[in-house]
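Structure at a glance
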Amino acid sequence: MRKILAALVVAVLIAPLAAQDLAVAIKEVEPFPYCAIAHRGPFTDMGTVIGELMGAMQAQGLFPQIRGPLIGIYHDSPGDTRPGDLAWEAGFIIAAQATVQPPLLKKTWEFTTVAVAMHVGPYDKAGEAIAKMKAWATAQGYDPAGPVLERYLDQNPEAVKEEELRTEIWIPVKKR
């Protein structure tokens with residue numbers, strides 16, 4: 001009986017921690033300019049796209065214009081779209097006065113109300129965090145209102161253990 005009670009106490013104490021492992025909040029953000037490479041295809045192409053992004057930015061002398069971390073903007077959900085048809089972008093927040101040339105695109109993030117959370121762990125597990133964030137937002141009376149944005153916060157991800165990688169996730173939302 002003592003073992004059953006101990007197991008029950010442990011289960012009750014651990015359950016709230018599991019529910020709290022992803023703190024989601026609604027945040028107001030300012031629009032910002034970014035440059036990116038647009039891509040259609042599986043997320044496994046990310047390394048190639050980032051290489052193309054970095055090469056184009058270097059060739060155009062844009063590194064001094066970077067104003068934020070590497071970002072990924074995802075227009076489709078892998079659960080709803082075939083990998084070859086996924087539309088996404090990889091880029092950097094840049095100075096407003098920066099000018100870019102192809103293959104780079106200069107765009108503006110215009111979504112000002114976002115659900116935000118910090119995912120800590122492998123990049124390929126961010127989808128689980130996104131699903132939890134969408135469920136939380138729906139329960140709070142919000143609907144998705146734009147593409148998912150991921151801000152990759154580790155400057156040198158190769159030097160970080162996979163389980164410690166930090167990705168800030170933004171999901172544009174609007175109140176119902």
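Residues numbered from 1 in each chain as written. Predicted model: local features only at pLDDT ≥ 70, side-chain atom pairs only at ≥ 80, totals over all residues. Heavy atoms only, no water.

**Details of the overall build of the protein chain**
- For the protein chain, the count of helices and strands is 3 helices and 9 strands.
- Helices and strands in the protein chain line up, N terminus first, as α-β-β-α-β-β-β-β-α-β-β-β.
- Within the span of the protein chain, comprising 176 residues, buried residues form 39% of the whole.
- Contacts spanning at least 24 positions in sequence make up 76% of the contacts within the protein chain whose residues lie at least 6 apart. (Helix = DSSP H or I, 4+ residues; strand = E, 2+ residues; numbered from the N terminus. Buried < 20%, exposed > 50% of the residue type's maximum accessible area, 1.4 Å probe, protein only. Contact = heavy atoms within 4.5 Å.)

**Focus on the confidence of the model for the protein chain**
- On average, residues of the protein chain score 89 in pLDDT, and 89% of them reach the 70 mark or higher.
- Residue range residues 1-20 is modelled with pLDDT below 50. Its contacts to residues more than four positions away, or to other chains, number 0 contacts. (pLDDT = per-residue confidence, 0-100.)

**Observations concerning unusual backbone geometry**
- Following Pro 102, the chain continues into Pro 103 via a peptide bond in cis, with omega recorded as 10 degrees.
- Residue placement: Pro 103 occurs in the loop between β4 (87-94) and β5 (105-109).

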